[in-house]
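# Understanding the architecture of this molecule
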Amino acid sequence: MTKLRSPSIFALLTMWIALSQGQEDAFSGESGRREMVPAMFIFGDSLIDNGNNNDLPSFAKANYYPYGIDFNGGPTGRFSNGYTMVDQIAELLGLPLIPAYSEASGDQLLHGVNYASAAAGILDITGRNFVGRIPFNQQISNFESTLNEIRNNLGPTELAQALTRCIFFVGMGSNDYLNNYLMPNYPTRNQFDDQQYADLLTQHYTQQLTRLYNLGARKFVLAGLGIMGCIPSILAQSAIGACSQEVNQLVLPFNANTKTMINNLSANLPGIHVIYVDVHNMFQDILTNYRSYGFSVINRGCCGIGRNSGQITCLPFQTPCPNRDQYIFWDAFHPTEAVNIIMGRKAFNGDQTVVYPINIQQLANL
Ligand SMILES: *[C@@H]1O[C@H](CO)[C@@H](O)[C@H](O)[C@H]1NC(C)=O
């Protein structure tokens, strides 16, 4: 699929080269923004998808009201009332909002592309119940398509140099649990125990990130898994609406493996920089100290049906809660914009309790 047209790709590349050579003022005029990096490329699932599933035959879509009720432009496919975490990070990096791969072309690719897809996982088979979704392997292939378009117009050296300065944000794994391991119609749970499954995911994850490295990526931001046992969908499965300690425990080996994987990647791949965003610790802090963050409702979705508003997730044209800033969860599975903004800020300039060994701001400045 041809996504780029010649005149705009030329403009794109000229600016990219200027940026990669440190002439950052080439861009900062018009909007008053100051871009810290040339571009951000984003891979992940519904926590950061911004519309890639809109035209797929998929049950995993959010391009309808009231999704986007607080977003300038309304519903886009974001699974939030407004910003996702990567929207906030893009803003802090001085970038515009990064467009979805499915919708981006020409100059819109200037600052990066978002390949994330709701229901997608590290494993290709994950999320099958939703039919259409773009697994991580295919997301990387889509990035390769973007690069192939660019490579037709730009020498390999210039491209490689520009890529080393770009941020690669990756947030995968939630669906490999929620929409694979924990799904009764998958055999996974009978084949692997918790640790074996985490090991399987990490093996694939290592190969996938190495593939991105071989394509030229150097600055990686990996988001770990949150406290999945406390999302409204899981709360609703408990008679007393309690967090599932079983689910919370289940995902811990994956987070632990991811940290080891980061050490391994850093030891084995010259020039790579990988940082870990500890979403688990961020979320624990927000749940524990919710009042100090201005939240009052922590155990049900702002939009959804049934127990904890989590038995059926937010339906088209359903009326959401009015006080969305006071809710931690927007729907049965996803946080509100208010939480996404807090997490994006912490990932950007937080201390080592939430992002390490350095934060995104420091990574961008390397
Ligand atoms: C890290 O590397 C060690 C040594 O090669 C290996 O045994 C281990 O499985 C790796 N762990 C992860 C999570 O990548």
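Heads up: the structure comes first, above all this text.
Sequence positions are assigned chain by chain, starting from 1 and proceeding in written order. A pLDDT threshold of at least 70 governs which residues receive local features in this predicted model, and a stricter bar of 80 or more applies before side-chain atom pairs are shown or counted, although totals over entire chains, interfaces and linings include all residues.

Before going further, it helps to examine the site of the ligand. Each residue gets a C-beta atom placed from its backbone. If that atom is within 6 Å of a molecule or strand, the residue is near it. Every residue lining the ligand is accounted for by Thr-202, Thr-206, Asn-257, Thr-260, Met-261 and Asn-264. Per the convention used, a helix needs a DSSP run of H or I reaching at least four residues, while a strand needs a run of E reaching at least two, with both numbered from the N terminus. Of all elements in the fold, only helix H8 (194–214) and helix H11 (252–268) reach the threshold of two or more residues within the shell around the ligand. Looking at which element gives the most residues to the shell around the ligand, the answer is H11, with 4 residues. Class assignment for the residues of the shell around the ligand results in 1 nonpolar, 5 polar and no charged. Any residue outside Ala, Val, Leu, Ile, Met, Phe, Trp, Tyr, Cys, Pro, Asp, Glu, Lys and Arg is labelled polar, Gly included; the first ten of those are nonpolar and the last four are charged.

Right, let's get into helix H6 (residues 174–181). When you tally the buried positions in H6, you get 8 out of 8 residues, the bulk of the element. Along H6, the positions that sit buried rather than exposed are Ser-174, Asn-175, Asp-176, Tyr-177, Leu-178, Asn-179, Asn-180 and Tyr-181. Every C-beta atom is placed from the backbone, and the number of other C-beta atoms within 10 Å of a residue's own sets its class: buried at 20 or more, exposed at 12 or fewer, partly exposed in between.

The next subject is the packing of H8 against H11. The angle between two axes is taken between their N-to-C directions and runs from 0 to 180 degrees, where each axis is a line fitted to C-alpha atoms and a helix contributes only its stretch in contact. It is the contact of H8 with H11, at a shortest axis distance of 9 Å, that shows an interaxial angle of 35 degrees. For the element pair H8 and H11, the recorded crossing hand is right-handed. Note on element contacts: H11 touches H8 through Pro-253, Phe-254, Asn-257, Thr-258, Met-261 and Leu-265, opposite Asp-194, Gln-195, Ala-198, Asp-199, Leu-201, Thr-202, Tyr-205, Thr-206 and Leu-209. Of the residues belonging to the contact of H8 with H11, the class tally is 8 nonpolar, 5 polar and 2 charged. Two helices cross in a left-handed way if the nearer one is turned anticlockwise from the farther one by less than a right angle. They cross in a right-handed way if the turn is clockwise. By the criterion used throughout, residues are in contact when their C-beta atoms, derived from the backbone, lie within 7 Å.

With that out of the way, let us pick up unusual backbone geometry. Both trends apply: most residues other than glycine have a negative phi, and most peptide bonds are in trans. Put simply, Tyr-65 and Pro-66 share a cis peptide bond, and its omega is 10 degrees. With respect to the helices and strands, the residue Pro-66 is situated in the loop between strand E1 (40–44) and helix H3 (85–92). Tyr-356 connects to Pro-357 through a cis peptide bond whose omega is 5 degrees. Phi is positive for Asn-308, which is not a glycine, with a value near 55 degrees. The residue Asn-308 is located in the loop between strand E6 (304–305) and strand E7 (312–313) in this model. Overall, the presence of 20 C-beta atoms within 10 Å leaves Asn-308 in the buried class. Phi at Ser-309 is positive, roughly 45 degrees, even though this residue is not glycine. Mapped onto the elements, Ser-309 comes out in the loop between E6 and E7.

Turning our attention to the environment of Gln-237. Tracing the chain through its elements places Gln-237 in the loop between helix H9 (232–235) and helix H10 (245–250). For the pair Gln-237 and Thr-313, spaced 76 residues apart in the sequence, the C-alpha separation amounts to 13 Å.

Our focus in this paragraph is the pairing of strand E4 (residues 273–277). By the criterion of burial, E4 is predominantly enclosed, with 4 of the 5 residues buried. Pairing of strand E3 (residues 219–223) with E4, which is carried by 5 bridges, proceeds in the parallel orientation. In the sheet register, Ala-223 faces E4, and the bridge partner there is Val-277. Relative to strand E9 (residues 355–356), E4 runs antiparallel, the two being bridged by 2 bridges. If you follow Tyr-276 over to E9, its bridge partner there is Tyr-356. In this scheme, strands are said to pair when DSSP sees at least two bridges between them.

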